[in-house]
Structures are given as structure tokens and as C-alpha cells.
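What follows is the residue order along each chain.
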Amino acid sequence: MENKARIQKVLSDQGILSRRRTEELIKEGRITVNGRPAQPGHPIDIRRDIVAIDGERIWFQKKKKNYYVMLHKPRGYVTTMSDEKGRRSVADLVADFPVRLYPVGRLDKDSTGMLLLTDDGQLAHQVIAARGHVAKYYHIVLARPWEDGYLQPLEQGITLADGAQCLPAKAAPVPDTDREALICLHEGKYHQVRRMFAALGNHVSELARVAMGGLLLPPELPLGACCVLSEKDVQKLLKCETDFASLLQTLQSHSS
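For clarity, every value in this text was computed on a predicted model and none was experimentally measured.

*Asks:* Where do I start with the pattern of salt bridges in this structure?
*Replies:* Two side chains carrying opposite charge are able to pair once their charged atoms lie near each other. Evaluated as defined, the whole model comprises 9 salt bridges. Close ionic contact of Lys189 with Glu187 constitutes a salt bridge, the shortest N to O distance being 2.6 Å. Residue Lys189 is classed as partly exposed on the basis of its relative accessible area, which comes to 27%. Here the salt bridges share partners, and the residues they tie into one network are Glu28, Arg30 and Asp54.

See below:
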């Protein structure tokens, strides 16, 4: 079965050259595939093709190491790897890793909490794909007190101001507080939590993602810091869900 990919992607994924540098060397005629000058976008199979730079053969790893990183995103950072407006980006906080990492989903500039970054495109798809969307848990602070009337429309699937229909969401106020709540979503519309409560006539003043799947944001992980996830962590992310009642109790203890 054919297993080819563009040469720029292969060399980047293997940590040999960036895509831009690969293109530069191709233009200079310094990269060959099976003894012939490579072309931009040249499809190669690392199992069969012989790639050389300046005549020196490259030996590919059959299975590259993927990185899975959890970042405790601070307020004021956009969830992109570069920003045309020059704003601070989460890329600045993971610049020390040896591979280019990409965020899985988004947190808006004014939100904080758990953000997953990886170089594993397949895992990223698993996390955000509509069919198997990983549960995401948000701790929010409202501008005005929580109302019991919010529960039914949220649990039935609220309709946003633009007519978009949301899937049913689980939500509850944090006990012993009047403006804090926990909400769990299985989808990821643009600014969804904020838009949901706007449709209810309230405003989300603060929002922090505190868990994804069965993976909790460690309380000891400082804002702006990140940690590398183990294979066990990745499996918890994909195959488990966080106990809603227990998480609500944890938030209550932190608020009291």
C-alpha cells in the first residue's frame, strides 16, 4: 500500500529541516530523491525512497516520537502559532520544544486553563471530531447571579442568538457561590460558552477550562507553564470522562 507524503512534510515531521528550509534547499538543488534533484512537493515514501542532502543520505525514523503537551494558558494569549496583529501567542510559551506544536481546539484570548498542543494530527482530529468529541469542562464566573431557569435550556440544547443549535450541555452552579458554575460540552462552537450565557441574558466574566476527557488541569501547574503528557494521560483524555459531581465539589472547596 502506498505510504507517501510531501517531502517538506516528511523532513519537518522527522525533525530534520523546517518546511521553509526544505524548499530553499530544493531550489538550490541540494536535495535529491533516488539520485535525482527533488522538486517542491515531491512525494516520498520513507520505507523505499533514498533522500540525500548535499550527497549525504538521510536515515528516517520509521516511527517518530510525538509530543503531547498540556499548557495552563494565561489570559491575553491568542491560540494561534503566529499572529498577524503581533499579539502574544501560545506559540511563545512552547517555543523550547524540539518540534512545532499545534493547539488542539482553541481558548479565546480572555480565557484561561487547559490547552492541549501536539504534533500528532491524528490525535488532534480524535479530540475535536464531531463524532467522538472529547468532553470539555469549564469553570465560569457570571456577571450576574446564576438562575435555576438556566438548567432546562442548557440541558435541552440552547439556541444561540444567530440561530445555531447547541447540543445538550451539563451545567450546575458551584455550591455556596452565586455567580460561579461548571459546564460540560461535547462540541466546540466559536466562543460557545460565552454565547450560550449571552442567549440566557447573562455575561461570562471569567472562563477557565479545567478538564478535558478524563484529564484534569493539575492545580500545581502555574499559569503559563506546561507539562508533557504520558501515554497514560493521553488515554485518559481520549477514553475517560471526568466525574462532574467530584469536579463540582473540588471547585466548591477552592471557592470557599
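*Asks:* Help me understand helix 5 (residues 192-199), please; the structure alone is not making it clear to me.
*Replies:* The periodicity of an α-helix, 3.6 residues per turn, causes residues three or four positions apart to be oriented the same way. Along helix 5, the residues classified as buried are Gln192, Val193, Arg194, Met196 and Phe197. Of the surrounding secondary structure, the elements contacted by the buried residues of helix 5 are strand 10 (136-142), helix 4 (151-156), strand 12 (180-185) and strand 13 (204-212). Of the residues flanking the end of helix 5, it is Gly201, one or two places downstream, whose phi is positive at about 90°.

*Asks:* Is there a simple way to think about the packing of aromatic side chains in this case?
*Replies:* Two measures describe an aromatic ring pair: the distance that separates the ring centres and the angle between the ring planes. Under the defined criterion, the tally for this structure stands at 4 aromatic pairs. Their ring planes at 85° and their centres at 5.3 Å tell us that Trp146 and Tyr150 sit as a pair that is edge-to-face. Across the pair, Tyr150 and Trp146 agree in class, each one buried. Aromatic side chains Trp146 and Phe197 sit 6.2 Å apart centroid to centroid with 50° between the ring planes, which places their arrangement in the tilted category. A residue pair is termed long-range when its members are at least 10 positions apart, and Trp146 in the loop between strand 10 and helix 4 and Phe197 in helix 5 qualify at 51 residues. Pair check on accessibility: Trp146 and Phe197 agree, each one buried.

*Asks:* What am I meant to see in the nonpolar core here?
*Replies:* Most often, soluble globular proteins have nonpolar side chains that are buried together. Membership of the largest hydrophobic core comes to 33 residues, with the highest contact counts inside it found for Ile140, Ile183, Val193, Met196 and Phe197. Listing elements by their share of this core, those giving two or more residues are strand 7 (68-73), strand 9 (112-118), strand 10, strand 12, helix 5 and strand 13. With sequence-adjacent residues up to four places away left out, Phe197 is seen in contact with Ile140, Leu142, Trp146, Tyr150, Leu154, Ile183, Asn202 and Val204. One finds Tyr68, Met70, Leu116 and Val134 within the second-largest nonpolar core, a separate group that totals 16 residues.

Criteria and thresholds
- Residue positions are given per chain, counted from 1 along the sequence in the order it is written.
- A pLDDT threshold of at least 70 governs which residues receive local features in this predicted model, and a stricter bar of 80 or more applies before side-chain atom pairs are shown or counted, although totals over entire chains, interfaces and linings include all residues.
- Note that water and hydrogens are dropped before the side-chain values are worked out from all heavy atoms of the structure.
- For this analysis, a salt bridge means a side-chain nitrogen from Lys or Arg found within 4 Å of a carboxyl oxygen belonging to Asp or Glu.
- Working definition: with a 1.4 Å probe on protein chains only, accessible area under 20% of the residue-type maximum means buried, over 50% means exposed, and in between means partly exposed.
- The helix count covers DSSP runs of H or I at least four residues long, the strand count covers runs of E at least two residues long, and both are numbered beginning at the N terminus.
- Residues are treated as being in contact if the distance between any of their heavy atoms lies within 4.5 Å.
- For this analysis, a ring pair means two rings from Phe, Tyr or Trp (six-membered ring only for Trp) whose centres lie within 6.5 Å, classed as stacked if their planes differ by under 30 degrees, edge-to-face if by over 60, and tilted for the remaining angles.
- What is meant by a nonpolar core is a set of buried Ala, Val, Leu, Ile, Met, Phe, Trp, Tyr and Cys residues, joined one to another through side-chain atoms within 4.5 Å.

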